[in-house]
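Secondary and tertiary structure notes
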Amino acid sequence: MPAREMRMEMFLRALLKRDFSRAKAHLEKLQKMAGPDEWGRGYGKAINGFMSAIKDNDPNALIVQLIGEHDREKAEKLLEHFQGILEHEFRDEYEKGYYTAWVEFLKAYLSQKTLS
């Protein structure tokens with residue numbers, strides 16, 4: 001498993017445990033791995049959004065709904081949807097980074113044993 005995907009899994013686990021100090025450390029490492037370019041900025045925007053929404057327990061946030069429902073089928077459909085978006089040639093680097101973060105987050109989420 002690539003380093004960024006492993007780090008995403010650790011980030012997800014910390015978020016699921018609501019251990020925000022550990023999640024923040026993983027988030028910072030993910031941002032460093034993603035880099036400062038447009039792609040990295042999009043990736044960073046997504047992971048910061050994941051953390052903010054979960055920390056605030058925002059009921060309107062897709063990520064909060066997904067985690068609260070434990071719905072494997074919904075997560076798989078979202079993963080497929082976001083992977084499809086990444087295949088669009090007209091997407092800019094910022095969008096590609098943003099949706100890559102979603103894809104990696106959903107893959108890590110679907111790999112959790114509690115969803116089996």
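Our subject is the structure that appears above.
Residues numbered from 1 in each chain as written. Predicted model: local features only at pLDDT ≥ 70, side-chain atom pairs only at ≥ 80, totals over all residues. Heavy atoms only, no water.

1. What about the overall build of the chain?
- What the chain contains, in helices and strands, is 6 helices and 0 strands.
- Secondary structure of the chain in N-to-C order comes out as α-α-α-α-α-α.
- A compact globule built from 116 residues should have a C-alpha radius of gyration of about 13 Å, and the chain, at 13 Å, falls within 12% of that.
- Across its three principal axes, the chain shows a C-alpha extent of roughly 35 × 30 × 30 Å.
- Summed over all atoms, the accessible surface of the chain reaches about 6,800 Å², with 50% contributed by carbon and sulfur.
- Across the chain, the centroid of the 19 positively charged side chains sits 8 Å from that of the 19 negatively charged ones. (Helix = DSSP H or I, 4+ residues; strand = E, 2+ residues; numbered from the N terminus. Rg over C-alpha atoms; globule rule 2.2 N^0.38 Å. Areas by Shrake-Rupley, 256 points an atom, 1.4 Å probe, with all protein chains shown as cover. Lys, Arg positive; Asp, Glu negative; His and termini not counted. Charge placed at Lys NZ, Arg CZ, Asp CG, Glu CD.)

2. As for the nonpolar core
- Counting residues in each nonpolar core, the largest one holds 37 residues, and the members touching the most others are Phe-11, Leu-15, Ile-47, Phe-50 and Ile-63.
- Sorting the residues of this core by element identifies helix H1 (3-16), helix H2 (20-34), helix H3 (38-56), helix H4 (62-69), helix H5 (72-86) and helix H6 (93-110) as the ones contributing at least two each.
- With 9 residues, the single largest contributor to this core is H6. (Core = buried A, V, L, I, M, F, W, Y, C linked by side-chain atoms within 4.5 Å. Buried < 20%, exposed > 50% of the residue type's maximum accessible area, 1.4 Å probe, protein only.)

3. Concerning the pattern of salt bridges
- Under the criterion given, the structure shown has 10 salt bridges.
- For Arg-4, the salt bridge is made with Glu-104, and the minimal N-O distance between the two is 2.4 Å. With a gap of 100 residues between them, Arg-4 in helix H1 and Glu-104 in helix H6 connect regions that are remote in the sequence. (Salt bridge = Lys/Arg side-chain N within 4 Å of Asp/Glu carboxyl O.)

4. Section: the side chain of Thr-100
- Along the chain, the position of Thr-100 falls in helix H6.
- When sequence neighbours within four positions are dropped, the list of residues in contact with Thr-100 reads Arg-4, Trp-39, Tyr-43 and Leu-86. (Contact = heavy atoms within 4.5 Å.)

5. Overview of the packing of H4 against H5
- With their axes 10 Å apart at the nearest point, H4 and H5 run at an angle of 145° to one another. On H5, the residues touching Leu-62, Gln-65, Leu-66 and Glu-69 of H4 are Lys-74, Ala-75, Leu-78 and Phe-82.
- For the contact of H4 with H5, the per-class residue count stands at 5 nonpolar, 1 polar and 2 charged. (Axes fitted to C-alpha atoms, helices over the stretch in contact; angles between N-to-C directions. Nonpolar A, V, L, I, M, F, W, Y, C, P; charged D, E, K, R; others polar.)

6. Topic: the environment of Ile-67
- Along the chain, Ile-67 falls in helix H4.
- Given the relative accessible area of 16%, Ile-67 is considered buried.
- Along the primary structure Ile-67 and Ile-54 are separated by 13 residues, whereas in three dimensions their C-alpha atoms are 9.0 Å apart.
- Not counting residues within four places of it along the chain, the set of residues in contact with Ile-67 comprises Leu-16, Ile-54, Phe-105 and Tyr-109.

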